[in-house]
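Architecture at a glance
What follows is each chain in one-letter form.
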Amino acid sequence: MSARYCSHCYALCAAVLWSSAYVFTKVALASFTPATLGFLRCAVAALALLCLAARHAKPAARDWPVFLLSGILGFSLYLWLFNTGQAGLTAATSCALISTAPLITAVMAAGLLRERLRPSGWLALALAFAGVLILTLWEGRLSLNDGIFWTLGAAVCISGYNLLQRRYAGRCGTLTLTAWSFVCAALTLSPFAPEAVRRFCLAPWTHCCAVVFLGLFPSALAYLLWAKALALAESTGTVAAYMFLTPLFSFLLGYAVLAEMPGPGTFAGGALILAGLALFQRGRS
């Protein structure tokens, strides 16, 4: 199996796992603040990944600044901004805003990593983003409040994280980089630990399960798969484009849970997203 094919598989699986975060974050925020939820999510992910990385060699001292910056951009600051924005926005607006991340990643990669996109690549990204807007706003309601700025800040953070993963995953190793980035993220959020533990002890068991799920699957497993995808991909943009699928999968997951048939907006937006991804990948071949 080629490295290119594996990168696509890893990215697709990560997008599927991330799609569940929208549902479970809404559940968990009923008992936790954005900061306490961010700490618990990072702490659970860090513990899970450290168990896997226990047999690996200890990270080099020169890599710790990378772990710290990666942990802040990709996890602690990103999750705090995302959770804060999610609390004040509709799901439709939140999905649309966070889906700007592939576009921001492509611009940053072109400027910092000298990864150039063909005109067809930019067209494909625009087409996929248009699909996200149709998907999320067809029957949704656009929210206009300060949550927009929090969520756009989260999109910028995850874009910077993508570039760090692309740049350093080969040197540090994907498991090592992801595990210790989560450790650094949990440490930066540790001032919220006492409040997080208190809320966890008082929360309903369903909300506690949501927190554990968020830490294990949309965090630990999804980010590990994402790191592997970025390490194996031909370019950052090739993988980042899969982030457009997360809103589509989140809508389909919601329909599956609620036993409702998808509306016309889901089919129209989903078709544009898939067409954009197909055009993007064809332009890279």
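Please refer to the structure higher up on the page.
Residues numbered from 1 in each chain as written. Predicted model: local features only at pLDDT ≥ 70, side-chain atom pairs only at ≥ 80, totals over all residues. Heavy atoms only, no water.

1. Details of the pattern of salt bridges
- On inspection of all chains with the given rule, the structure shows four salt bridges.
- Arg199 is paired through a salt bridge with Glu195; the nearest N and O atoms lie 2.8 Å apart. With Arg199 and Glu195 both in helix H9 (residues 193-202) and four residues apart, this pair spans about one turn of that helix.
- Overall, the relative accessible area of 25% leaves Arg199 in the partly exposed class.
- Judged by relative accessible area, which is 30%, Glu195 ranks as partly exposed.
- Within this structure, Arg62, Asp63 and Arg171 form a network of salt bridges that share partners. (Salt bridge = Lys/Arg side-chain N within 4 Å of Asp/Glu carboxyl O. Helix = DSSP H or I, 4+ residues; strand = E, 2+ residues; numbered from the N terminus. Buried < 20%, exposed > 50% of the residue type's maximum accessible area, 1.4 Å probe, protein only.)

2. A short note on the packing of helix H2 (residues 34-52) against helix H10 (residues 205-232)
- Direction vectors running N to C along H2 and H10 enclose 60 degrees, while the axes themselves pass 8 Å from each other. In this view, H2 runs oblique relative to H10, as classed from their interaxial angle. Of the two elements, H2 crosses H10, and the hand of that crossing is right-handed. In this structure, H2 contributes Leu37, Leu40, Arg41, Val44, Ala45, Ala48 and Leu49 to the contact, and H10 contributes Val211, Val212, Leu214, Gly215, Leu216, Pro218, Ser219, Ala220 and Leu224.
- Here the contact of H2 with H10 is composed, by residue class, of 13 nonpolar, two polar and one charged. (Axes fitted to C-alpha atoms, helices over the stretch in contact; angles between N-to-C directions. Parallel < 35°, antiparallel > 145°, perpendicular 65-115°, else oblique. Left-handed = near helix turned anticlockwise from the far one by under 90°. Contact = heavy atoms within 4.5 Å. Nonpolar A, V, L, I, M, F, W, Y, C, P; charged D, E, K, R; others polar.)

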